[in-house]
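Given next are the chains, with one letter for each unit.
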Amino acid sequence: MRFRAKIVDLACLNHFSRIINTIAKLAKTCILRLTVCKLYFILSDKVANGGASMWCELCQGNFFDEYQMEGVAAEHNEIYLELVPENLSRALKTAQNAKAVKIKLTNKHCPCLRVAVELPSLSSSSRIVTHDIPVGVIPRRMWNDFREPSVPDFDVSIYLPVLKTMKSVVERMKNLSSFIVIEANLSGEMNLKIETDLVSVTTHFKDLGNPPWASEDGCQSSAQGRDLESMAEVCIDIKKLQQLLAGQQVNPTKALCNIVCKRVVHFILLHEEVSLQYFIPAIA
């Protein structure tokens, strides 16, 4: 089992760093799945137990100048590691104007991802700062726990408003309640609502547009045949939504949400070569 990679391009490095930062805001620990073409960051708190789950997918070719990996076996050419994304985020913070960053899987005293940051220096010799990030190697028998979550059979799918706007609305609401209701319909309307004994606040968004899911990939959803004006709603923990919005450092080119009435809300944020899915279960 071997893995080594190198980033030289500064724009790629900064972009990669922002993605890791976003992930660190969403997950205390996560699984890093390495394949020949892609990297995945996976958080699978069981949604059934009230935990959020995340699936973030990047094409390695868009970030790394060199990338080599050998999985656990020829027919299972993948590696699954458990790590604390905050540690990786911290290591990359030292690399903001680095000449190069090398990442390598090592095993000195325990398995580690070694991040070696080559910093520019005035003399001919370069300065290298290394960070060893402890990781746990996930055995093959547990890989199935970290498969891509299936897109739920949603009632409504809608594009999100500008995330910055949404974030400031949610931040103000968070001071008033621990829960927020998201409701949306197939006419491009979405409301964010909180209701407590003392106050009831609703923010309305309209003309957001609905993605053409059903026609695109024959994806059958319970949205078909649904009354366009009727709202599908889900009540969730406001902190989990705020975490998602506050952690966003990758301005997505497309952001949408799928609502399964009273069960779960599924966010999809797309940015060129990165896709992030985030599931927040309803509060029973």
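Up top you'll find the structure we're talking about.
Chains are numbered independently. Their residues run from 1 in the order of the written sequence. Whole-chain, interface and lining totals are the exception, using all residues; otherwise, since this is a predicted model, local features are given only for residues with pLDDT of at least 70 and side-chain atom pairs are given and counted only at 80 or more. With hydrogens and water set aside, each side-chain value is computed from the structure's full complement of heavy atoms.

Engineer: Any chance you could explain a nonpolar patch on the surface here in plain terms?
Structural biologist: On the surface, Met1, Val72 and Val137 cluster together to form a nonpolar patch covering roughly 240 Å² of accessible area. The helix and strand labels rest on DSSP assignments: H or I over at least four residues marks a helix, E over at least two residues marks a strand, and numbering proceeds from the N terminus. Mapped onto the fold, Val137 is located in strand E10 (residues 136–137). For every residue, the accessible area obtained with a 1.4 Å probe (protein chains only) is divided by the maximum for its type, and the residue is called buried under 20%, exposed over 50%, and partly exposed between those limits. According to the relative accessible area criterion, Val137 is partly exposed, its value standing at 37%. A patch consists of residues exposed above 30% relative accessible area that lack any salt bridge, with like charges linked at up to 9 Å and nonpolar side chains (Val, Leu, Ile, Met, Phe, Trp, Tyr) linked at up to 5 Å. Using a 1.4 Å probe, accessible areas were evaluated by the Shrake-Rupley method; residue-level cover was limited to the displayed protein chains. Throughout this description, the term salt bridge denotes a Lys or Arg side-chain nitrogen within 4 Å of a carboxyl oxygen of Asp or Glu.

Engineer: Would you mind showing me how to read the packing of aromatic side chains here?
Structural biologist: To describe a pair of aromatic rings, one takes the distance between the centres and the angle between the planes. Stacked, edge-to-face and tilted are the three classes for Phe, Tyr and Trp ring pairs, Trp counted by its six-membered ring, which pair at centre distances within 6.5 Å; planes under 30 degrees apart are stacked, over 60 edge-to-face, the rest tilted. Taken as a whole and judged by the stated rule, the model has seven aromatic pairs. Ring geometry for Phe64 and Tyr67: centres 5.6 Å apart, planes at 50°, overall tilted. Phe64 sits in the buried class, given a relative accessible area of 8%. Taking 6.5 Å as the distance between ring centres and 40° as the angle between the ring planes, the aromatic pair formed by Tyr80 and Phe146 counts as tilted. Pair noted here: Tyr80 is in strand E6 (residues 79–83) and Phe146 is in the loop between E10 and strand E11 (156–159), with a separation of 66 residues, a long-range link.

Engineer: I keep staring at the packing of helix H3 (residues 163–174) against helix H5 (residues 238–246) and nothing clicks. Help me out?
Structural biologist: Geometry of a packed helix pair, given as the angle between the helix axes and the separation of the axes. Every axis corresponds to a line fitted to the C-alpha atoms, with the helix fit spanning only the stretch in contact, and the corresponding angles, defined between N-to-C directions, vary from 0 to 180 degrees. Remark: H3 packs on H5, axes separated minimally by 9 Å, with the N-to-C direction vectors making an angle of 145°. Note that H3 runs across H5; the crossing there is left-handed. Taking contact as the criterion, the partners of Leu163, Met166, Lys167, Val170, Glu171, Met173 and Lys174 in H3 are, on H5, Ile238, Leu241, Gln242, Leu245 and Ala246. Residues are grouped as follows: nonpolar covers Ala, Val, Leu, Ile, Met, Phe, Trp, Tyr, Cys and Pro; charged covers Asp, Glu, Lys and Arg; every other residue, Gly included, is treated as polar. The residue makeup of the contact of H3 with H5, split by class, is eight nonpolar, one polar and three charged. By definition, any crossing whose near helix is turned counterclockwise from its far helix by less than a right angle is left-handed, and any crossing with a clockwise turn is right-handed. In this description, contact between two residues means that some pair of their heavy atoms is separated by no more than 4.5 Å.

Engineer: What is the right way to look at H3 in this model?
Structural biologist: Helical geometry note: an α-helix holds 3.6 residues per turn, so side chains three or four residues apart project in the same direction. To estimate the expected span of a helix, count its residues, drop one, and scale the result by 1.5 Å. Here H3 contains 12 residues, and its C-alpha end-to-end distance of 16 Å stays within 8% of the 16 Å for a straight helix at 1.5 Å per residue. Regarding H3, the residues found buried are Leu163, Met166, Val169, Val170 and Met173. Burial along H3 is one-sided: seen end-on, the buried residues are contained in an arc of 125°. For H3, exposure combined with an orientation more than 90 degrees from the buried face picks out Lys164 and Arg172. In this structure, the buried side of H3 is in contact with strand E12 (179–184), strand E13 (190–195), strand E14 (200–205), H5, strand E16 (254–260) and strand E17 (264–271). What the arc covers is the set of directions going from the helix axis to the C-beta atoms.

Engineer: I'm lost on the sheet that holds E10 in this one. Help?
Structural biologist: Adjacent strands of a sheet form backbone hydrogen bonds with each other and so pair up, either parallel or antiparallel. For two strands to be treated as a pair, DSSP must find at least two bridges joining them. The strand order across the open sheet formed by nine strands is E10-E6-E2-E3-E4-E18-E17-E16-E11, and the pairing between neighbours is antiparallel. Sheet topology places E10 and E11 at the edges, where each strand pairs with a single neighbour. Bridging between strand E4 (residues 53–59) and strand E18 (residues 274–281) involves six bridges; their strand directions are antiparallel. Paired with Trp55 across the two strands is Gln277, which belongs to E18. The sheet strands contacting helix H1 (residues 10–26) are strand E2 (30–34), strand E3 (38–44), E4, E17 and E18, and the helix crosses E4 at an angle near 170°.

Engineer: Explain the pattern of salt bridges here, please?
Structural biologist: Any two side chains of opposite charge can pair, given that their charged atoms come close. Inspection of every chain in the model, using the stated rule, returns nine salt bridges. Between Lys99 and Glu118 there is a salt bridge; the shortest N-O distance is 3.7 Å. Here Lys99 is found in the loop between helix H2 (85–93) and strand E7 (100–107), whereas its partner Glu118 is found in strand E8 (residues 111–119), with 19 residues between them in sequence. For Glu233, the salt bridge is made with Lys262, and the minimal N-O distance between the two is 3.8 Å. Of the two residues, Glu233 is situated in strand E15 (residues 232–237) and Lys262 in the loop between E16 and E17; the sequence distance between them amounts to 29 residues. Since its relative accessible area comes to 27%, Glu233 is described here as partly exposed.

Engineer: Can you help me understand the pairing of E16 in this one?
Structural biologist: Along any regular strand the residues' side chains alternate between the sheet's two faces. Where burial is concerned, most of E16 is hidden: six out of the seven residues are buried. Bridging between E11 and E16 involves four bridges; their strand directions are antiparallel. Bridge pairing links Ser157 to Asn258 in E16. As defined by bridge partners, E16 adjoins E17 across seven bridges and the pair is classed as antiparallel. The residue bridging Cys257 from the neighbouring strand is Phe267, located in E17. Between the antiparallel neighbours E16 and E17 lie three residues, among them Lys262 with a positive phi of about 60°.

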